[in-house]
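# Results of the structural survey
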Amino acid sequence: MRKIIIILTLASFIFIGCNNESKKGANPGVEAMNEVFLKGNLITNNYFTGKAWLNMLVTDKENFDLTAGKVLFEPSARTNWHSHPGGQILLCTKGNGYYQEKGKSIRPLKAGDVVEIYPDIIHWHGASQNSEFEHIAISTQQSKGSVVWMEPVTDEEYSDNEK
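Source: prediction; values computed, not measured.

The rules behind these values
- Residues numbered from 1 in each chain as written.
- Predicted model: local features only at pLDDT ≥ 70, side-chain atom pairs only at ≥ 80, totals over all residues.
- Heavy atoms only, no water.
- Helix = DSSP H or I, 4+ residues; strand = E, 2+ residues; numbered from the N terminus.
- Buried < 20%, exposed > 50% of the residue type's maximum accessible area, 1.4 Å probe, protein only.
- Contact = heavy atoms within 4.5 Å.
- Areas by Shrake-Rupley, 256 points an atom, 1.4 Å probe, with all protein chains shown as cover.
- Salt bridge = Lys/Arg side-chain N within 4 Å of Asp/Glu carboxyl O.
- Core = buried A, V, L, I, M, F, W, Y, C linked by side-chain atoms within 4.5 Å.
- 1 Å grid on protein atoms, 1.4 Å probe; cavity = no way out; pocket = protein on both sides within 12 Å on 5 of 7 lines; lining within 4 Å.
- Points joined across faces, edges and corners; volume = space filled by probe spheres on them.
- Nonpolar A, V, L, I, M, F, W, Y, C, P; charged D, E, K, R; others polar.
- Polar contact = N/O pair within 3.5 Å; in protein donor to acceptor, adjacent residues only side chain to side chain.

## A word on the overall build of the chain
Across its full length, the chain carries four helices and 12 strands. Of all 163 residues assigned to the chain, the portion counted as buried reaches 42%. Of the contacts made within the chain by residues no fewer than 6 positions apart, 68% connect residues no fewer than 24 positions apart. Carbon together with sulfur atoms contributes 54% to the accessible area of the chain, which is approximately 8900 Å² in total.

See the structure below:
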(Lines give C-alpha, C1' and ligand atoms only; values in the text may rest on other atoms or scores of the structure.)
Protein backbone atom coordinates (compact mmCIF):
# COMPACT_ATOMS: atom_id res chain seq x y z
CA MET A 1 0.00 0.00 0.00
CA ARG A 2 2.85 2.35 0.85
CA LYS A 3 4.36 1.84 -2.63
CA ILE A 4 1.06 2.66 -4.32
CA ILE A 5 0.70 5.88 -2.31
CA ILE A 6 4.24 6.94 -3.26
CA ILE A 7 3.65 6.24 -6.96
CA LEU A 8 0.30 8.08 -6.96
CA THR A 9 1.78 11.07 -5.13
CA LEU A 10 4.70 11.23 -7.55
CA ALA A 11 2.36 10.94 -10.52
CA SER A 12 0.14 13.73 -9.15
CA PHE A 13 3.06 16.15 -8.86
CA ILE A 14 4.22 15.28 -12.37
CA PHE A 15 0.88 15.77 -14.04
CA ILE A 16 0.03 18.96 -12.15
CA GLY A 17 3.29 20.46 -13.38
CA CYS A 18 2.82 19.15 -16.91
CA ASN A 19 -0.67 20.59 -17.20
CA ASN A 20 0.68 24.10 -16.76
CA GLU A 21 1.09 24.48 -20.56
CA SER A 22 -0.68 27.83 -20.88
CA LYS A 23 2.12 29.53 -18.96
CA LYS A 24 4.94 27.91 -20.93
CA GLY A 25 6.50 29.63 -23.90
CA ALA A 26 5.29 33.12 -22.97
CA ASN A 27 8.61 34.00 -21.40
CA PRO A 28 11.73 31.80 -21.64
CA GLY A 29 12.66 32.51 -18.00
CA VAL A 30 9.20 31.50 -16.82
CA GLU A 31 9.44 28.14 -18.61
CA ALA A 32 12.43 27.10 -16.50
CA MET A 33 10.55 28.06 -13.33
CA ASN A 34 7.59 25.87 -14.36
CA GLU A 35 9.69 22.70 -14.40
CA VAL A 36 8.47 20.36 -11.69
CA PHE A 37 11.86 18.67 -11.18
CA LEU A 38 15.37 19.86 -11.93
CA LYS A 39 17.08 18.77 -15.16
CA GLY A 40 19.55 16.54 -13.35
CA ASN A 41 23.03 15.43 -14.37
CA LEU A 42 24.28 14.56 -17.84
CA ILE A 43 24.43 10.77 -18.18
CA THR A 44 28.00 9.81 -19.01
CA ASN A 45 27.84 6.01 -19.16
CA ASN A 46 27.83 3.92 -22.35
CA TYR A 47 24.18 2.86 -22.05
CA PHE A 48 22.76 5.82 -23.98
CA THR A 49 23.15 7.16 -27.52
CA GLY A 50 23.09 10.96 -27.59
CA LYS A 51 22.71 13.28 -24.62
CA ALA A 52 20.34 12.57 -21.75
CA TRP A 53 20.06 13.91 -18.19
CA LEU A 54 18.97 12.06 -15.05
CA ASN A 55 17.51 13.42 -11.83
CA MET A 56 16.98 10.58 -9.35
CA LEU A 57 13.82 11.24 -7.34
CA VAL A 58 13.42 8.08 -5.23
CA THR A 59 16.54 6.07 -4.38
CA ASP A 60 15.66 4.10 -1.23
CA LYS A 61 15.39 0.63 -2.80
CA GLU A 62 15.37 -1.17 0.56
CA ASN A 63 12.30 0.55 2.00
CA PHE A 64 10.25 1.19 -1.14
CA ASP A 65 11.49 -1.61 -3.44
CA LEU A 66 11.56 0.87 -6.32
CA THR A 67 13.55 3.75 -7.74
CA ALA A 68 12.24 6.70 -9.74
CA GLY A 69 14.08 9.22 -11.85
CA LYS A 70 13.31 11.95 -14.34
CA VAL A 71 15.12 11.44 -17.65
CA LEU A 72 15.37 14.19 -20.27
CA PHE A 73 16.53 13.08 -23.75
CA GLU A 74 17.78 15.47 -26.44
CA PRO A 75 16.32 14.83 -29.92
CA SER A 76 17.38 11.37 -31.21
CA ALA A 77 18.88 10.36 -27.82
CA ARG A 78 17.91 6.92 -26.59
CA THR A 79 18.74 4.09 -24.22
CA ASN A 80 20.45 0.87 -25.21
CA TRP A 81 18.36 -2.26 -25.31
CA HIS A 82 17.78 -3.32 -21.71
CA SER A 83 15.43 -5.12 -19.34
CA HIS A 84 14.37 -4.86 -15.70
CA PRO A 85 14.01 -8.01 -13.55
CA GLY A 86 11.19 -6.31 -11.61
CA GLY A 87 9.62 -4.32 -14.46
CA GLN A 88 9.39 -0.59 -15.14
CA ILE A 89 6.76 2.12 -15.55
CA LEU A 90 7.33 5.19 -17.73
CA LEU A 91 5.25 8.32 -17.09
CA CYS A 92 5.75 10.52 -20.16
CA THR A 93 5.81 14.19 -19.21
CA LYS A 94 7.12 16.27 -22.13
CA GLY A 95 7.88 16.10 -25.84
CA ASN A 96 7.73 13.21 -28.27
CA GLY A 97 9.51 9.92 -27.93
CA TYR A 98 9.55 6.24 -28.79
CA TYR A 99 9.31 2.92 -26.98
CA GLN A 100 10.02 -0.47 -28.50
CA GLU A 101 10.04 -4.02 -27.23
CA LYS A 102 12.33 -6.50 -28.95
CA GLY A 103 10.54 -8.05 -31.93
CA LYS A 104 7.66 -5.53 -31.90
CA SER A 105 6.90 -2.25 -33.68
CA ILE A 106 8.06 1.08 -32.34
CA ARG A 107 5.41 2.91 -30.30
CA PRO A 108 5.31 6.72 -30.48
CA LEU A 109 5.03 8.44 -27.09
CA LYS A 110 3.81 11.88 -25.99
CA ALA A 111 3.16 13.69 -22.72
CA GLY A 112 0.48 11.91 -20.74
CA ASP A 113 1.30 8.42 -22.03
CA VAL A 114 2.04 5.65 -19.53
CA VAL A 115 4.08 2.59 -20.48
CA GLU A 116 3.89 -0.52 -18.30
CA ILE A 117 6.91 -2.75 -18.96
CA TYR A 118 6.69 -6.22 -17.49
CA PRO A 119 9.70 -7.94 -15.87
CA ASP A 120 12.50 -9.11 -18.18
CA ILE A 121 11.01 -7.54 -21.34
CA ILE A 122 13.87 -6.33 -23.57
CA HIS A 123 13.15 -2.79 -24.73
CA TRP A 124 14.49 0.71 -25.36
CA HIS A 125 13.05 4.23 -25.14
CA GLY A 126 14.11 7.73 -26.10
CA ALA A 127 13.35 10.94 -27.96
CA SER A 128 12.06 11.38 -31.50
CA GLN A 129 14.38 12.97 -34.07
CA ASN A 130 12.79 16.43 -33.77
CA SER A 131 11.82 16.75 -30.12
CA GLU A 132 13.19 16.54 -26.63
CA PHE A 133 11.47 13.86 -24.60
CA GLU A 134 11.06 13.56 -20.86
CA HIS A 135 9.69 10.81 -18.67
CA ILE A 136 9.68 9.61 -15.11
CA ALA A 137 11.10 6.09 -15.04
CA ILE A 138 9.94 3.97 -12.12
CA SER A 139 11.87 0.73 -11.72
CA THR A 140 9.69 -1.58 -9.64
CA GLN A 141 10.48 -4.63 -7.52
CA GLN A 142 14.13 -3.62 -7.15
CA SER A 143 14.67 -6.56 -4.80
CA LYS A 144 14.59 -8.76 -7.94
CA GLY A 145 17.65 -6.97 -9.34
CA SER A 146 18.82 -3.93 -11.26
CA VAL A 147 18.59 -3.07 -14.93
CA VAL A 148 20.28 -5.47 -17.36
CA TRP A 149 21.99 -3.40 -20.07
CA MET A 150 22.56 -4.76 -23.57
CA GLU A 151 23.79 -3.50 -26.94
CA PRO A 152 23.03 -0.03 -28.34
CA VAL A 153 19.99 0.50 -30.53
CA THR A 154 21.43 0.86 -34.04
CA ASP A 155 20.60 3.84 -36.24
CA GLU A 156 18.78 1.39 -38.52
CA GLU A 157 16.64 0.03 -35.67
CA TYR A 158 15.94 3.58 -34.46
CA SER A 159 14.97 4.83 -37.93
CA ASP A 160 12.46 1.98 -38.37
CA ASN A 161 9.91 4.37 -36.83
CA GLU A 162 9.82 6.25 -40.17
CA LYS A 163 8.61 3.20 -42.13
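## What about the pattern of salt bridges?
Per the counting criterion, the structure on display carries five salt bridges. Note that Glu 134 is salt-bridged to Lys 70, the shortest N-O span being 3.3 Å. Separated by 64 residues along the polypeptide, Glu 134 in strand 11 (residues 133-140) and Lys 70 in strand 4 (residues 66-73) bring together distant segments of the chain. Residue Glu 134 is classed as buried on the basis of its relative accessible area of 6%.

## Quick notes on the nonpolar core
Ranked by size, the top nonpolar core spans 15 residues in total, and within it Ala 52, Phe 73, Leu 90, Tyr 99, Leu 109, Val 115 and Phe 133 carry the most contacts. Those elements giving two or more residues to this core turn out to be strand 4, strand 7 (88-101), strand 9 (114-117) and strand 11. Among the elements that take part in this core, strand 7 stands out by supplying three residues, more than any other. Apart from residues lying up to four places away in sequence, Val 115 is in contact with Gln 88, Ile 89, Leu 90, Tyr 99, Arg 107 and Leu 109. One finds Phe 64, Leu 66, Ala 68 and Ile 136 within the second-largest nonpolar core, a separate group that totals seven residues.

## Details of the layout of surface pockets
Volume-wise, the largest pocket comes out at about 440 Å³. As for the largest pocket, its lining consists of 25 residues, of which Leu 54, Met 56, Ser 139, Val 147 and Trp 149 are closest to the centre. At the level of elements, strand 1 (41-42), strand 3 (52-58), strand 4 and strand 11 are the ones that each hand at least two residues to the lining of the largest pocket. Across the lining of the largest pocket, the residue classes break down as 11 nonpolar, 13 polar and one charged.

## Brief notes about the side chain of His 125
For His 125, the location among the structural elements is in strand 10 (residues 123-127). A relative accessible area of 3% places His 125 in the buried class. Side chain to side chain, His 125 and His 82 meet in a polar contact 3.4 Å long. Of the polar contacts made by the side chain of His 125, one reaches the side chain of His 135; its length is 3.0 Å.

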